[in-house]
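Spelled out from the first residue to the last, the chains are:
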Amino acid sequence: MTDDTEPIAAHSVAVLDYGAAGPYAVAFGAGGEMWITLVNTGELVRRTPDGRERRFAIGERPGQLIVTAEATWCAVTGADRIAIITSDDRLNFIDMPGGPYGIAAVGPYALVTLMQDNKLAEVSRDGLRSEVAVPLDGAYPAMAASHRDGSVWVSLNQRGALARRDAAGDIELLMLPDGAAPVGIAAAGEHIWSADIARGIVLRVGSDLQVRDFDFAPDSRPHAVIADDTGCWFTE
C-alpha cells in the first residue's frame, strides 16, 4: 500500500518576542512588511522583511487592522477611533465612538464594526461616510472580512450569527445554531470561514449559504482565522 499524501513543505520559523506588550492582530503589506497590534501598549508595529521595526502609538486596545495600497487602517477599540497610517508614514485619527473593533476594506473605504453601538460604519480617510444598525439587537459585531463579490461579512458574537453587507449596503443575516459565538472571520474564493469560540467549531459557508462545521475539542476556543483557496488556519 502506497501513501500518496504530499509532504508538507518545510518552512523556517522565527519567533518575535514582544513580552507583555500583547501582540494581537497581524496583517501583511504588498512589500512583505508585517504589521502587528500591541494591545497592552497601544501600539502598531511595522516590521520590514529585513527586520527593521517602527512603532506608532495609536491608543488603548487596538483591534483588527487591514493594509491597503494607500494606507494601513486599525480599529482602536479602547480609544474609540480609527488610526490611519499613510504610505509616507503620516499618522491620522478618525473619532469613532461606539467600540470600533473589526475592519475590512471596501474599495477605497473601510467598513468598521461598532461593538457597543451595534452598528456598521463606513469610513473614508476624511471621516465617517455612513452608519447602519445591525438588524439584530445586542449582536456585538466583532471581526469583519471583505469578499471578492464586494460584500463584507461580519461575525455577530453575542447573537450567534453572521451578517453579510452587500455592495448596495443591505444586510442579510445567517443564523447559526443555539450556543454559537463567532469571532474570527475570513473570506477566500467562494467561501467564508468563521471561528466559533463557544462551540469549539470552525465553520465554512458556501456560495449557496450552506454551512459546514469542523468540530474540535469543546474547550479549544478557536478565535482568529485566515484562509486561502486550500483551506484555513486558526488560533486556539
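As a reminder, the structure under discussion sits directly above these lines.
Throughout this document, residue positions are counted from 1 along each chain, in the order its sequence is written. The predicted origin of the model limits local features to residues at a pLDDT of at least 70 and limits the giving and counting of side-chain atom pairs to 80 or more, whereas totals for whole chains, interfaces and linings rest on all residues. With hydrogens and water excluded, all non-hydrogen atoms of the structure serve as input to the side-chain values.

> I'm lost on the packing of aromatic side chains in this one. Help?
Between two aromatic rings, the relevant description is the distance of the centres plus the angle of the planes. Here a Phe, Tyr or Trp ring, Trp counted by its six-membered ring, pairs with any other such ring whose centre lies within 6.5 Å, and the pair is stacked when the planes are under 30 degrees apart, edge-to-face when over 60, and tilted otherwise. For the structure on display, the rule yields four aromatic pairs. Any Lys NZ or Arg CZ found within 6 Å of a ring centre and within 35 degrees of that ring's normal is scored as a charge over the ring. Over the ring of Phe93 we find Arg81, and its NZ or CZ is 3.9 Å from the ring centre. The ring of Tyr109 is capped by Arg129, whose NZ or CZ atom sits 3.8 Å from the centre of that ring.

> Honestly, the sheet that holds strand E9 (residues 100-106) in this entry has me stumped. Any pointers?
Each strand in a sheet pairs with its neighbour through backbone hydrogen bonds, running either in the same direction (parallel) or in the opposite one (antiparallel). The criterion for strand pairing is that DSSP finds at least two bridges linking the strands in question. Segments assigned H or I by DSSP are reported as helices when at least four residues long, segments assigned E as strands when at least two residues long, and all are numbered from the N terminus. With antiparallel pairing, four strands are arranged side by side in an open sheet as E9-E10-E11-E12. Each end of this open sheet is capped by a strand with a single partner; those strands are E9 and strand E12 (127-133). Taken over all neighbouring pairs, the strand axes of this sheet differ in orientation by 25 degrees on average, direction set aside. As paired strands, strand E10 (residues 109-114) and strand E11 (residues 119-124) are joined by five bridges and run antiparallel to one another. In the strand pairing of E11, Ala110 is matched with Val123. Axis lines are fitted to C-alpha atoms, over the contacting stretch for helices. Their N-to-C directions set the angle, which ranges from 0 to 180 degrees.

> Would you mind going over the nonpolar core with me for this structure?
General note: in soluble globular proteins, nonpolar side chains tend to be found buried as a group. Throughout, nonpolar core names a set of buried Ala, Val, Leu, Ile, Met, Phe, Trp, Tyr and Cys residues whose side chains join them through atoms within 4.5 Å. Each residue is assigned to one of three classes by its accessible area relative to the maximum for its type, calculated with a 1.4 Å probe on protein chains only: buried under 20%, partly exposed between the two thresholds, exposed over 50%. Core analysis: the biggest nonpolar cluster contains 18 residues, and Trp153, Leu162, Ile185, Leu203 and Val205 have the highest contact counts within it. The set of elements that each furnish at least two residues to this core consists of strand E13 (141-146), strand E17 (182-188) and strand E19 (201-205). Leave out the neighbours within four places in its chain, and Val205 touches Trp153, Leu162, Leu174, Glu190, His191, Ile192, Gln210 and Val211. Core analysis: the second largest hydrophobic core is formed by 14 residues, Ile94, Ile103, Ala110 and Ala121 among them. In what follows, a contact means two residues having at least one pair of non-hydrogen atoms within 4.5 Å.

> Is there a simple way to think about the sheet that holds strand E16 (residues 171-175) in this case?
Strands sit in the order E13-E14-E15-E16 across an open sheet of four strands; the sheet is antiparallel. Edge strands, defined here as strands with exactly one partner in the open sheet, are E13 and E16. The sheet shows a mean angle of 25 degrees between the axes of neighbouring strands, taken without regard to direction.

> How should I be thinking about the pairing of strand E3 (residues 43-47) in this particular structure?
Two faces belong to every sheet, and in a regular strand the side chains alternate between them. Extensive coverage of E3 is indicated by the burial of four of its five residues. By the bridge criterion, five bridges tie strand E2 (residues 34-38) to E3 in an arrangement that is antiparallel. By the bridge assignment, Thr37 is partnered in E3 with Leu44. The hairpin turn running from E2 into E3, its antiparallel successor, is four residues long, and Gly42 in that turn takes a positive phi close to 65 degrees.

> What am I meant to see in the environment of Ser146 here?
Inspection of the secondary structure puts Ser146 in strand E13. When the C-alpha atoms of Ser146 and Ile103 are compared, they prove to be 9.0 Å apart, with 43 residues separating the residues in sequence. In this structure, Ser146 is in contact with Ala104, Ala105, Ser151, Val152 and Ala187, ignoring residues within four places of it in sequence.

> Looking at this model, I keep getting lost on the pattern of salt bridges. Mind explaining?
A pair is scored as a salt bridge if a Lys or Arg side-chain nitrogen falls within 4 Å of a carboxyl oxygen belonging to Asp or Glu. This structure, assessed with the given rule, holds 13 salt bridges. Of the charged contacts in the structure, one is a salt bridge between Glu122 and Arg165, with a shortest N-O distance of 2.8 Å. You can see Glu122 sitting in strand E11 and its partner Arg165 sitting in strand E15 (residues 161-165), a full 43 residues away along the chain. Arg165 gets classed as buried once you look at its relative accessible area, which sits at 10%. Here the salt bridges do not stand alone but share partners, grouping Arg46, Arg54 and Asp89 into one network.

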